[in-house]
Amino acid sequence: MAQEKTVTGVKTYDNPAGGWGALRATAQAVATQMHAVEASKTLLRTNQPDGFDCPGCAWPDKKHSSTFQFCENGAKAVTWEATKKRVPPEFFAAHSVTELLEWSDYALENEGRLTHPMRYNAAADKYESVAWGAAFAEIGAQLRALDPNTVEFYTSGRTSNEAAFLYQIFAREYGSSNFPDCSNMCHEASSVGLPQSIGFGKGTVPLEGFDHCELIIAIGHNPGTNHPRMMGTLHDVSRRGVPIIVMNPLRERALERFADPQDPLEMATMGATPIASTYLQVSVGGDAAALKGIMKALLEMEAAAGGVLDRAFIAAHTMGFDELAADLAATSWESITAGSGLTQAALESVAKAYAASNATIVTYGMGVTQHVHGTENVQQIANLLLLRGNFGKPGAGICPLRGHSNVQGNRTVGITERPSAEMLDGIERTFGFRPSAARGHDAVAAMQAIRAGSSKALICVGGNLAVAMSDPEQCAAAMRGLSLSVHLATKLNRSHLLVGKTSLLFPVLGRTESDVQASGQQAVTVEDSMSMVHASRGNLPPASEHLRSEPAIVAGMAKATLPATRVDWDGLVADYDRIRDAIESVYPEFANYNAGIRVPGGFELPIPPNRLVWKTTTGKAMFKLFKGLNEDGPGYGADVLKLTTLRSHDQYNTTIYGLDDRYRGIFGRRDVVFVNAKDLAARGLEHGSVIDVEAAFTDGRRRILKGFTAVAYNLPQGSAAAYYPEANCLVPLDYADAQSGTPGYKSVPVRIAAS
Ligand SMILES: Nc1nc2c(c(=O)[nH]1)N[C@H]1C(S)=C(S)[C@@H](COP(=O)(O)OP(=O)(O)OC[C@H]3O[C@@H](n4cnc5c(=O)[nH]c(N)nc54)[C@H](O)[C@@H]3O)O[C@H]1N2
Ligand SMILES: Nc1nc2c(c(=O)[nH]1)N[C@H]1C(S)=C(S)[C@@H](COP(=O)(O)OP(=O)(O)OC[C@H]3O[C@@H](n4cnc5c(=O)[nH]c(N)nc54)[C@H](O)[C@@H]3O)O[C@H]1N2
Ligand SMILES: [Mo]
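Residues numbered from 1 in each chain as written. Chains lettered and ligands numbered in written order. Predicted model: local features only at pLDDT ≥ 70, side-chain atom pairs only at ≥ 80, totals over all residues. Heavy atoms only, no water.

Moving on to the site of ligand 1. Taken together, 32 residues lie around ligand 1, and Asn248, Glu252, Asp287, Gln651 and Asn653 are the ones closest in. Summarising the interface, the protein chains cover 99% of the accessible area of ligand 1, which totals 920 Å² for the free molecule. Across the shell around ligand 1, the residue classes break down as 10 nonpolar, 18 polar and 4 charged. When residues of the shell around ligand 1 are assigned to domains, at least three map to each of domain 3 (188–401) and domain 4 (641–754). (Near = heavy atom within 4 Å. Areas by Shrake-Rupley, 256 points an atom, 1.4 Å probe, with all protein chains shown as cover. Nonpolar A, V, L, I, M, F, W, Y, C, P; charged D, E, K, R; others polar. Domains from an automatic or database assignment.)

If a probe as big as a water molecule is rolled over the atoms, it shows which places are left empty. Within this model, the largest pocket holds a volume of roughly 1200 Å³. As for the largest pocket, its lining consists of 31 residues, and the residues nearest its centre are Gly201, Arg411, Ser420, Glu422 and Glu589. Listed by contribution, the elements that provide at least two residues to the lining of the largest pocket are α9 (188–198), α22 (407–412) and α23 (421–431). Residues that form the lining of the largest pocket fall into these classes: 12 nonpolar, 9 polar and 10 charged. Per-domain counts for the lining of the largest pocket show at least three residues from each of domain 2 (86–185 + 406–586) and domain 3 (188–401). (1 Å grid on protein atoms, 1.4 Å probe; cavity = no way out; pocket = protein on both sides within 12 Å on 5 of 7 lines; lining within 4 Å. Points joined across faces, edges and corners; volume = space filled by probe spheres on them. Helix = DSSP H or I, 4+ residues; strand = E, 2+ residues; numbered from the N terminus.)

What follows is about the domain arrangement of the protein. When the parts come together, some accessible area is lost, and that loss is often what is quoted as the size of the interface. Assigned domains of the protein: these are domain 1 (18–81), domain 2 (86–185 + 406–586), domain 3 (188–401) and domain 4 (641–754). Computed from C-alpha coordinates alone, the two centres of domain 1 and domain 3 are separated by 30 Å. Summed over both sides, the interface between domain 1 and domain 3 buries roughly 1600 Å², with carbon and sulfur atoms accounting for 65% of that surface. In this assembly, domain 1 and domain 3 are joined by 0 salt bridges. If you look at where domain 1 meets domain 3, you find 6 residue pairs in polar contact (both at pLDDT 80 or more). Mapped onto the side of domain 1 that touches domain 3, the elements with two or more residues apiece are α1 (19–33) and α3 (72–81). Per-element accounting of the side of domain 1 that touches domain 3 gives the leading share, 3 residues, to α1. (Buried area = accessible area lost by both parts, 1.4 Å probe. Salt bridge = Lys/Arg side-chain N within 4 Å of Asp/Glu carboxyl O. Polar contact = N/O pair within 3.5 Å; in protein donor to acceptor, adjacent residues only side chain to side chain.)

Following this line, the structure appears as structure tokens:
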């Protein structure tokens, strides 16, 4: 977009996404973090059948091949972990925790890999190295003295199936059901919403589905940055002439035009392929209204001419259609267009394209889930698909784009605060004890309990909870009140510095590293967005001889905490095949687990909706009503903008690789707020104005982002955007979906004014 005024670090980016720029950035990431020879060896083994799983995203690679050497953000994720830089005990001796808290998130992680187990010494205000055995003994003694219900077990979605499973068995044998995890801030709205709709909380589309679809509707995700391997798929789909309708407030470049670095012709000619056939700039928070509008148009077409709905499918497989139809009839077009920011004609044209397609896939991401009614949002997508029977046939279905590379697997193997009877039976059958059936804490509830002082200890397998959560100021204060905090991590981050009475920091093996146990070199397993489970085996020498694997550390803590344990921790860790046998025993859907992962590409877990089996309480797929249109709760007045929070192209969640966001034209900075030029003008502001952004909540606490620079940007009037995690200070801890607990990160009511 042409800018009238020059603002430092803000430029126009006119090229397609991908292309030579992506290859250049890949080479740069490699050069700054790794030695070139080692790098090429490592990178080429990413996502190969005998290599390791790329921690960059959860999108599968085509069978037996890897697109890795062409994937800029995959390379950033791998090289960030496989870096040559180290953070040894001498580093901590030289820098106090108070000093390190002044460092940026980027600077902390950029120091490199943790090398030794460390324990915080309050008198010196420094982390000091500690022996593994002593550290485990201290954790055991403290946990034994605590009520298990006051201990929180956090998981971030990089954790392998094997580590996640051992972790939940440890926590449950100890007596806790508190499993806050990153998914609670991410796709929980899918995990809660879809089981009610279709009896299954995950995506239903296999990768091959994209070879058969006749239409894709892509809502609220930015694959050019966050699911880069998906771009190859979308590129192929577009080349087949299949329409791709995008609903996103921002015109994300990769969804407009993409040059596939794997396409020699495109690279040689500097060409590109258009991705979206239709790009609808829905308002921030306008998805429920837009989806209801498309469904209303569909029903109106059906009433006018018939033949639009799949009546046979609706009759045989669903319940709740009449209520849905009545609600849509009662919802006015005026309210739909006001709520979505889209015209009736635009929504009718989507309905027409949808009615003309025999196999439709809806893909979606955080733009849909991170709202105060995220669960209902997801259910409107399921409703839309059910209306034309888009389940159980090739090329059709729902495709949530998962976040962390194994976040889906973590949940499958039991990281959940809502244990099912089936799972508890499985654990009892396998290990001979029956864990508590009580519902535990999710991420928001855990942080609230820590803040209230009712939870005393926090163990984190990965992640950066205090920074990723809403309201970091309150989270930081809460974390400092803990009697015990334990972090398993590859790199140093801010959460590790929010020390409690006893704080321990354990360095772990990453995906890229060789994991050798008593029976030899081990593979771990992960589940991608499409329910494919496959092996991941690292090949680099560990960053330090003191590193331990996540399963080994979990086992160490468990043995020290549970003197009468029923679990053979040492035996399980000696040979991960045994962990997988135990997983299979608890979750029978992992039939022949160990054999299945020895086949290149792995195996698929069952997806009941694809067999037209609906594991809902009624045995049918359910049309779920969402009364009204506002996915974000009450309005806050005409001067209020809805601010969404985004990832830049140079970040992985709280990990900031660099300060550029190339495709959005931002360079060397992150302190910007994207606003429509008219909204700026209406407030006497302009492109480049230095502004304060203040949340409009009325709970009596002021939440302000000070001194950010306004960037006039092509997004709908009334909408605004800023980067995560900088903008998290605007989000109250309880601003979250009532059903799923997912924070409303994508719809924060704010006012802006000159600084
Ligand atoms: N390189 C890289 N890869 C990643 C990550 C990363 O940080 N970096 N994070 C991983 C994780 S954990 C996750 S969950 C995924 C996240 O992947 P995405 O879901 O793509 O994440 P976001 O950057 O939050 O972007 C959301 C998109 O939704 C749009 N949007 C914002 N608000 C709304 C809205 O109200 N409605 C609609 N329709 N759209 C909206 C934004 O413009 C943006 O394009 O990526 C994973 N992969
Ligand atoms: N405002 C706003 N807030 C958000 C979001 C948003 O869109 N907007 N998105 C939310 C989403 S979708 C998510 S998933 C969360 C992410 O929340 P988290 O998962 O908690 O955060 P990450 O930044 O992914 O965690 C990074 C840290 O993980 C550690 N790590 C990396 N690899 C490994 C490994 O292999 N093992 C171990 N043990 N540790 C490792 C490193 O120490 C690194 O510092 O943030 C949420 N917060
Ligand atoms: Mo996520």
